[in-house]
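One letter stands for each residue in the lines below.
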Amino acid sequence: MKQMISIFRNVTGIIALAILGSFSCSAQTLNEIQTSFNNYRQQALQEKIFVHTDKGAYLTGEILWFKLYVVDGSYNKPLNLSKVAYVEVLDDSNNPVIQAKVELHNGHGSGSLYIPVSVNNGNFHFRAYTNWMKNFSPDYYFEKSITIVNPQRAPVASAMPGKTDYDVQFFPEGGYLVNGISSNVALKAVGKDGKGIDFNGAIIDQKNDTVVRFKSLRFGMGHFAITPAAGSTYKAVIRVVNGGPVIKNFPAGNSQGYVMGLTDNGSGQLQISVKANVESSDGGVYLFAHTRQLVKVAKRAGLINGSANFTIDKSALDDGISHITIFNGDKQPVCERLYFKRPVKGLAIDASADQQNYGTRKKVNVSVLAKDQSGKQLNANLSLSVYHLDAYQTADPGDIASYFWLSSDLRGNVESPDYYLRHNNADVDEAVDNLMLTQGWRRFQWDDVLKNKPAAFAFLPEYNGHIVSGKMIDPATNKPANEVVAYFGVPGKRVQLFTAVSDSSGRLLFNTKDLYGPGEIVVQTNTQRDSTYRIDIASPFSEQYSKNILPAFNLTADMQKPLETQNMAMQIQNIYAGSKTRQFYEPVVDSTGFYGKPDKVYRLDDYTRFTTMEEVLREYIREVNVFHPQKKYEIRAISEKGFLEGDPLVMLDGIPIFDMNKVMAVDPLKIKRLDVVKDRFFWGPADAEGILSYASYKGDLAGVELDPHAVVVDYEGMQLQRVFYSPAYETDKQAANRMPDFRSLLFWAPNINTSLQGKNQVTFYTSDEEGKYICVIQGITANGEAGSQYFTFEVKK
């Protein structure tokens, strides 16, 4: 008996140790997954951009106005990382027709784009991103469709869609179908215009027996349950509205694998089931859930008879989209799906005009108040647009809250994303779950995450200013040149010189600051030492493109009169007020050169004017000495300790001149000022034995020819801020002015900051254009509460 008890105790101890070991192993696996994920998240910070455009449809010759909101991808709060955003308008072949670089401050930026008269009629991609976002998929750039009509060109009719001009895709829940295991399958049908198509249909097997019937719910999406049988093949028979039946192949089931299913039972919990017909190495599966890369849930469940179940409290997940991934015992991801939790916090914007009806050239007062869901007033940064509505210019559907909570975390176009946030009922819950099911697998590759490899990013965040990239090439070998210093200068009255050294791939990165507007840039090496190298300047705009489909361009008969009216009004405005739309704010910049305060400033008009630069330097520039051995001039700066070694860095209007003979050939009568730094100076990877910085009267290099090896290209920095033209009619005399005013965009204000003290008030005046107008307001708080509002009013004589 004692022996039996002893054996029982030993067996019990072994079982207990095995159970403890299993728990320890499970905890270790979960910890490894979570640690790897957090390491990746810390390296791969996500930025998101929303763009509020003044409207959605334009004519060539008009100006498109926009406001940028940049947030942290995890918290949806304004992010002060990137200082530059890139904005593009692309045609249906992804050829850029307009491009601009826009300055950002504390996650906000604004700008404008003139639409050239060379643009064709059509729908275009409007997209925005930062340099850092170029490291990730272009599916997560901001992108929307805008319409442009060129009144000088006849529109080309779009091809009429055929009966089968739509795309149908199937999305098994979790990612895979497995024979013998029931799965939910989402179905999505999209037309060539990128919009969902209503449908119904059935799945039939190889015997033409109906297995299951289905139909769409909203926006061309629906779902059904099916248990694929081994050895069977299936087809989908689909019928769309006003179309004949179409037969599509249905994906085959795998012989082995995992299937997941998510059920929201309405009690505040999610039930997740995992079924498998394959063994897991440790007898269990792991659930890992994160909301915008913030870990929320990590659990393990044992596979019992091929089945495991998890329960998640919805309160454990943040608002918005969560990724729920299932791993097997070998830390391999086997299933994944998305879940959307409707946000409870948001920005409520109260906005209204002081009247519903106005006469022409009358004052409009708009009161704006920002508050949270409880009614507490909030500080918020808002943008506001007021424009005319007609058959061509309809209300632009863009909405900041639905974009950050929903669209920004999904690939492709999301049709009417605000529908999922503005409504709350069973149909909407089913529709949003269909949307989650049709998103396929994942935003990033789990293999990269779990291998704990340091992330390699080709594009740096521009947290100081615009980064100009280039490549240094050795023409003798046509290969990259390593460790060669290059100089990037902007000719002009303000000294703008930046330096970079090439890496092993020949790459150059010039970290510029306060680089604004269009102009020439000069990039060169020290031509006295490295004259043979070639420098290529790269475009900073992304060469990756999403697969989003532009809607078909279609002008209807009821648009003709509004387009004719808008075209005439636009031309009249450009004739009478065109100069007012071409005014720009002067950027606030530090005019001091990169070398700071010079040791000595010589204003040449204060001295005897000599006719040669050699005389100037010899006669009264005490900080340098000039030598002329063997027909080659040399200049030496004189510091407190004596002569410095080698020639100083000599610049003319911000451009280095490395040939001292050319310096002596500069006409001193064209030079206004000379700054002298008499000590050795380090500037990035470059160093100089003192600095001589000449400034000409005109900032035009005083007629000096640049070295033929220097690269001179047109380059546009960050765009200048255009002044929005909004005339005021405060007096009867001003209102009686006979100058025509046919503005259809009455007002654009990209930066309205509400306060806690009361309502903000925005004031503008109506034009001579009668009709219905809409006021659209978008905005966000520092804590990430986003919201929008709109209202309409009428203008009549």
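So, a few notes on the structure that sits alongside this text. Worth saying up front: this structure is predicted, and the values here are computed from it rather than measured.

Another aspect to go through is the sheet that holds strand 47 (residues 771-780). Here we have five strands laid out as an open sheet, ordered 24-48-47-26-45, and mixed in their pairing. The sheet is open, and its two borders are formed by strand 24 (357-358) and strand 45 (745-753), each paired with just one other strand. Of the pairings in the sheet, the one linking strand 24 to strand 48 (residues 786-795) comprises two bridges and is parallel in character. Looking at the pairing, Tyr358 lines up with Val795 of strand 48.

In this structure the tally under the stated criterion is seven cavities of 30 Å³ or more. In this structure, the largest cavity spans a volume of roughly 130 Å³. Lining the largest cavity are 15 residues, and of these Pro656, Ile657, Lys662, Leu706 and Asp707 sit closest to its centre. When its residues are assigned to classes, the lining of the largest cavity shows eight nonpolar, three polar and four charged.

Let us now look at unusual backbone geometry. Phi is positive for Asn208, which is not a glycine, with a value near 65 degrees. Within the secondary structure, Asn208 is located in the loop between strand 11 (199-205) and strand 12 (210-215). One non-glycine residue, Asn478, adopts positive backbone phi at about 60 degrees. In this fold, Asn478 is placed in the loop between strand 27 (467-474) and strand 28 (479-480).

In this model helix 6 (residues 560-577) runs 25 Å from its N-terminal to its C-terminal C-alpha over 18 residues, within 8% of the 26 Å that 1.5 Å per residue would give. Within the sequence span of helix 6, burial applies to Pro562, Leu563, Gln566, Asn567, Ala569, Met570, Gln573 and Ala577. Here the buried face of helix 6 lies against strand 2 (57-59) and strand 8 (142-149).

Moving on to the packing of aromatic side chains. Summed over the entire model, instances satisfying the criterion amount to 44 aromatic pairs. The interplanar angle of 75 degrees and the centroid separation of 5.3 Å between the aromatic rings of Phe594 and Tyr595 together place this pair among those described as edge-to-face. Three or more aromatic residues joined by ring pairs form one cluster here, namely Trp65, Tyr358, Phe724, Phe747, Phe764, Tyr773 and Phe793. Positioned above the aromatic ring of Tyr602 is the side chain of Lys600, whose terminal nitrogen or guanidinium carbon lies 5.5 Å from the ring centre.

Alternating positions in strand 38 (residues 649-652) separate into two faces, Leu649 and Met651 on one and Val650 and Leu652 on the other, with burial throughout. Bridge count between strand 38 and strand 43 (residues 691-696): four bridges; the pairing is parallel. Directly across from Met651, in strand 43, lies its bridge partner Ser693. Relative to strand 39 (residues 655-656), strand 38 runs antiparallel, the two being bridged by two bridges.

Here the structure, examined in full by the defined rule, presents 27 salt bridges. Arg422 is the partner of Asp399 in a salt bridge, and the nearest nitrogen-oxygen pair spans 3.8 Å. A residue pair is termed long-range when its members are at least 10 positions apart, and Asp399 in the loop between strand 26 (381-389) and helix 2 (400-405) and Arg422 in helix 3 (residues 418-422) qualify at 23 residues. On the accessibility criterion, Asp399 (9% relative accessible area) is buried. As a salt-bridge pair, Glu614 and Arg618 come within 2.9 Å of each other at their nearest N and O atoms. Taken together, the residues Glu614 and Arg618, both in helix 7 (residues 613-620) and four residues apart, mark about one turn of the helix.

Conventions used here
- Here the residue index of a chain counts from 1 through its sequence in written order.
- Totals for whole chains, interfaces and linings use every residue, but because this is a predicted model, local features are given only for residues with pLDDT of at least 70 and side-chain atom pairs only at 80 or more, for both listing and counting.
- Derived side-chain values reflect all non-hydrogen atoms in the structure, with water molecules and hydrogen atoms excluded from consideration.
- In this scheme, strands are said to pair when DSSP sees at least two bridges between them.
- To qualify as a helix, a DSSP run of H or I must reach at least 4 residues; to qualify as a strand, a run of E must reach at least 2; elements of each kind are numbered from the N terminus.
- Any residue with an atom within 4 Å of a point lines the site, the site being either a cavity, points on a 1 Å grid over the protein atoms alone where a 1.4 Å probe fits but cannot get out, or a pocket, an open set with protein on both sides within 12 Å along at least 5 of 7 lines.
- Grid points are joined across faces, edges and corners, and a volume is the space filled by probe spheres set on the points.
- Note that Gly is not counted as nonpolar here; it falls among the polar residues with everything else outside the nonpolar set of Ala, Val, Leu, Ile, Met, Phe, Trp, Tyr, Cys and Pro and the charged set of Asp, Glu, Lys and Arg.
- By this rule, a helix spans an expected 1.5 Å times one less than how many residues it contains.
- Exposed residues in this analysis have more than 50% of their type's maximum accessible area, buried residues have under 20%, and partly exposed residues fall in between, with area computed by a 1.4 Å probe over protein chains only.
- What makes two residues a contact is simply this: any of their non-hydrogen atoms within 4.5 Å.
- Side-chain rings of Phe, Tyr and Trp (the six-membered ring for Trp) are treated as a pair once their centres are within 6.5 Å; stacked means planes under 30 degrees apart, edge-to-face means over 60, and tilted covers the remaining angles.
- Comment: the charge-over-ring label is applied if NZ (Lys) or CZ (Arg) is within 6 Å of the ring centre and within 35 degrees of the ring normal.
- Salt bridges, as used here, are contacts in which a Lys or Arg side-chain nitrogen is within 4 Å of a carboxyl oxygen on Asp or Glu.

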